Structure formats: structure tokens, C-alpha cells
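# Summary of the model geometry
Chain by chain, the residues:
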Amino acid sequence: MKKILLSGIQPTGDMHIGNYFGAIKQFVDMQDDYECYIMVADLHALTTVQDADALRKNIFNVTATYLACGLDPKKVHLFQQSDMSVHGELTWILNCITTMPYLERAVAYKDKVANGKEASVGLFDYPMLMTSDILLYDPAVVPVGADQKQHVEIARDTAEKFNRIWGETFTIPEPLILESTGIVPGIDGRKMSKSYGNTIPLFGSDEEIDKAVMGIVTDSSGDVPANVYAIHKLFKTEAELAPLYEANKGKYKALKDALAADIKAFIGPMRDRYEEIQANPKIVEDVLRAGGTVVKARAQTKMAAVKKAVGLN
Ligand code: AQP
């Protein structure tokens, strides 16, 4: 029997190359070796996207991105989180064994408060919903970017706590974070993030890719523009890059042009497929419907076991 893998992406906006290298690429690389549950985390997205048309469009686009990047719905269970009402049901049970001070230590929540914003109850409770997303499928691994490590640790702690109180019910999941792509830098050198406005779009037009690459922040103190090189390493090996950077010492424009060309060559075939899917929306509808049916049966079976364990049956 194959080990189980679970992960997901929030439909909160256009996918960027950080989402691809930090998460989606792992899903594609692992789909033959694991039984994969990959979701569109639309309930999580509600903490930020509160425009119904925009959310629908984003859900479609994340699913289309999964398919365009090479996830095969015949091998992978692709589903929409909100189709599984048991994720919310389990969240309530887990809320009841989780303390407020414990969740107050969650980085996403702390960052928001530190930036002077009022966090919604949904954002505060986000780690518990994510814990439910994970535990319902008993995954051995959860491939994520480094920013999500703490959330997987919360899932581990909560599974252990549940098992202590009510008996062995959940598998303890492991985060899977690749050192090379755990934090993909954005064009300003910080972590690439939609909310920082420092992204290179995954399926942008050539012009959008050129514009983002030309905007990579460089300083004139050395031969190699560090931010350009850090992103370039995602697309070519260091051995492949060495002669290019040697021949173009200090020529930042030439190096940016080479990076933009490499990004376009790499993304081109996936972008073509993405555009085909955009022109044929039924592909996405069919995939989510079929995935949802299979996943629902599994999630409900697990939830029945949880209810029995806690005395709610
Ligand atoms: N820069 C990144 N490097 C490595 N991994 C990344 N991920 C996101 N950005 C990077 C990983 O992509 C997956 C999906 O993440 P998400 O749905 O939680 O989106 P996100 O992390 O919220 O993406 P953003 O762009 O950073 O959104 P905002 O700005 O809204 O917070 C996860 O596995 C994540 O680690």
C-alpha cells in the first residue's frame, strides 16, 4: 500500500513561481509514489477573498494550475475543500481541545496583529481547520513551503493530544519541506508572496514575466546580482549558470534577460496547457466532481470513527 500525501493551495489570487517550486512541483514529482489528496483550500481563502465572483474564478484557476503543471487526476484525488463538510465538523471538535494561548503563538496570526490589523476569528482558527484538512486523510507527509511548517507542527501536536484523550485515531503527519525551494525569494529578496506584491506570475504573459524580472532588486556592490541568481537557480543548475554569470559579470541587464528567457522556456508548455483548460472549463468541473465523490466517502468514514471515539455517535 502506498503512503498517503495531503496538501493544498488557497485560491486567493494568481499563482506564482513560489507556489510552483515550494508546493506544486513536489505534488507532481510524488504523485506516482504516494496516494495523493490535493485540495483547493477554498474555505481558508474566505479569510481574505470576500468577493464571490473572484473566489469562483480563483478556485477554477488553482484547479487549472494543478492540471497544467502535470497533476494527473487519474492518479491524484483532486478536490475542493468546501465540498467536504466534515472538515468544518472536525474543526469544532479540535477547537474544544485547543487553548487560546496555544493558537496565539501561530505566526500567521501574530504577523497580522503585529501589522496593526484586526484578525478575524477565521484567521485565528485557521491552523485548526488546516489540522482537520490534514488529519482526516491520515497522511504520512504534507509537502509545503517553509512558511507552513508551524501549521503542520500544530496538526502533529493536536493529533497527539486527541490520541491521548480518546485513543489512537489519527496518524501523526510529517511536513515535507525541500531545502532548495522551501523559501522561494521574491523580486525584492523577501519570501515571494502575493501579499508582498513581489511575485513572478506562474502563468503571466511574456510581458508580465519581463516586467517582473526587470523589477528584481539589485545592488551594484558585486559581480553577481544576488536576487537574480537566487531565482535563476530554480530554473538551471549552478553548473549551467556558472559560465553565464562568469561571462556577464556586472552586466545585470543581460543576466535578467537570460533569466526571463529561461523562465519563459520552462513555463511555456505548462502555460499552453493552462490556456487550453481555460478555454474548456468543463475539464475542471469534471475533475473536481469526480475527485469530490471519492474523497467524500473516505472523509466521512474517518469522521464516523472520530465521532465514535469521542462519544458523538
Ligand atoms: N515563496 C514561497 N516559497 C516556497 N513556498 C511557497 N508557498 C507560497 N509561497 C512560497 C507555498 O505554496 C503553498 C500554497 O500556499 P498558500 O495557499 O498558503 O498560499 P500562501 O503561502 O498564502 O502564498 P502567498 O503568496 O504567500 O500568499 P499570501 O501573501 O496571501 O500569504 C504552500 O505550501 C506554501 O508554503
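What you see is a predicted model; the values in this text were computed from it and never measured. (Residues numbered from 1 in each chain as written. Predicted model: local features only at pLDDT ≥ 70, side-chain atom pairs only at ≥ 80, totals over all residues. Heavy atoms only, no water.)

## With respect to the overall build of the chain
In terms of helices and strands, the chain carries 13 helices and five strands. Relative to the 2.2 N^0.38 estimate, which gives 20 Å for 313 residues, the radius of gyration of the chain is 21 Å and therefore close to what a compact globule would have. Over its C-alpha atoms, taken along the principal directions, the chain stretches across nearly 70 × 45 × 40 Å. Buried residues in the chain amount to 49% of all 313 residues. Across the chain, every contact between residues at least 6 apart in sequence was considered, and the portion connecting residues at least 24 apart equals 77%. Total accessible area computed for the chain in this model is approximately 15000 Å², and 53% of it derives from carbon and sulfur atoms. (Helix = DSSP H or I, 4+ residues; strand = E, 2+ residues; numbered from the N terminus. Rg over C-alpha atoms; globule rule 2.2 N^0.38 Å. Buried < 20%, exposed > 50% of the residue type's maximum accessible area, 1.4 Å probe, protein only. Contact = heavy atoms within 4.5 Å. Areas by Shrake-Rupley, 256 points an atom, 1.4 Å probe, with all protein chains shown as cover.)

## Some points on the site of the ligand
In the vicinity of the ligand, 20 residues are found, and the nearest of them are Gln10, His16, Asp147, Ser193 and Ser195. Met192 has a polar backbone atom sitting 2.9 Å from a nitrogen atom of the ligand. Burial of the ligand by the protein amounts to 90% of the accessible area it has alone, namely 640 Å². When residues of the shell around the ligand are assigned to their parent elements, the largest contribution, four residues, is made by helix α1 (residues 17-30). Grouping the amino acids of the shell around the ligand by side-chain chemistry returns six nonpolar, eleven polar and three charged. (Near = heavy atom within 4 Å. Polar contact = N/O pair within 3.5 Å; in protein donor to acceptor, adjacent residues only side chain to side chain. Nonpolar A, V, L, I, M, F, W, Y, C, P; charged D, E, K, R; others polar.)

## So, the nonpolar core
Ranked by size, the top nonpolar core spans 57 residues in total, and within it Ile17, Ile38, Tyr66 and Ile200 carry the most contacts. Those residues in contact with Tyr66 that sit more than four places away from it in its chain are Gly8, Ile9, Ile24, Phe27, Ile38, Met39, Val40, Leu71 and Leu78. Judged by nonpolar contacts, the second largest core, of 36 residues, contains Met39, Leu94, Leu103 and Leu136. (Core = buried A, V, L, I, M, F, W, Y, C linked by side-chain atoms within 4.5 Å.)

## Brief notes about the pattern of salt bridges
Any two side chains of opposite charge can pair, given that their charged atoms come close. Counting across every chain of the model gives 17 salt bridges. Between Asp206 and Arg271 there is a salt bridge, with the nearest N and O atoms lying 2.8 Å from each other. One end of the pair, Asp206, is in helix α9 (residues 206-214); the other, Arg271, is in helix α12 (residues 252-278), and 65 residues separate them in sequence. Arg289 serves as the salt-bridge partner of Asp286, at 3.5 Å between the closest nitrogen and oxygen. Of this pair, Asp286 and Arg289 both sit in helix α13 (residues 282-310), separated by three residues, roughly a single helical turn. Via salt bridges that share partners, Lys282, Asp286 and Arg289 belong to a single interconnected network. (Salt bridge = Lys/Arg side-chain N within 4 Å of Asp/Glu carboxyl O.)

## Description of the packing of α9 against α12
Packed helices, taken two at a time, are described by their axes: the angle between them and the distance between them. Where α9 contacts α12, the axes come no closer than 9 Å and their chain directions differ by 145°. As α9 packs across α12, the resulting crossing turns out to be right-handed. On α12, the residues touching Asp206, Ile209, Asp210, Val213 and Met214 of α9 are Lys253, Lys256, Asp257, Leu259, Ala260, Ile263, Lys264 and Arg271. Across the contact of α9 with α12, the residue classes break down as six nonpolar, no polar and seven charged. (Axes fitted to C-alpha atoms, helices over the stretch in contact; angles between N-to-C directions. Left-handed = near helix turned anticlockwise from the far one by under 90°.)

## Concerning the domain arrangement of the chain
Interface size is commonly expressed as the accessible surface area that is lost when the partners come together. Here the domain parsing of the chain yields domain 1 (4-182 + 281-310) and domain 2 (194-276). Facing 17 residues of domain 1, the contacting portion of domain 2 comprises 14 residues. Summing the contributions of domain 1 and of domain 2, the shared interface buries around 1400 Å²; its carbon and sulfur component is 72%. Here domain 1 and domain 2 share zero salt bridges between them. Counting the contacts that link domain 1 with domain 2 gives four residue pairs in polar contact (both at pLDDT 80 or more). Counting only elements with at least two residues in the side of domain 1 that touches domain 2, the list comes to α1 and α3 (52-68). By residue number, the principal contributor to the side of domain 1 that touches domain 2 is α3, which donates five residues. (Domains from an automatic or database assignment. Buried area = accessible area lost by both parts, 1.4 Å probe.)

## Describing unusual backbone geometry
Most peptide bonds take the trans configuration, and most residues that are not glycine carry a negative phi. Positive phi, normally seen in glycine, also occurs at Asp138, with a value near 50°. Structurally, Asp138 is set in the loop between α7 (121-135) and β4 (141-143). Its relative accessible area of 17% is what places Asp138 among the buried residues.

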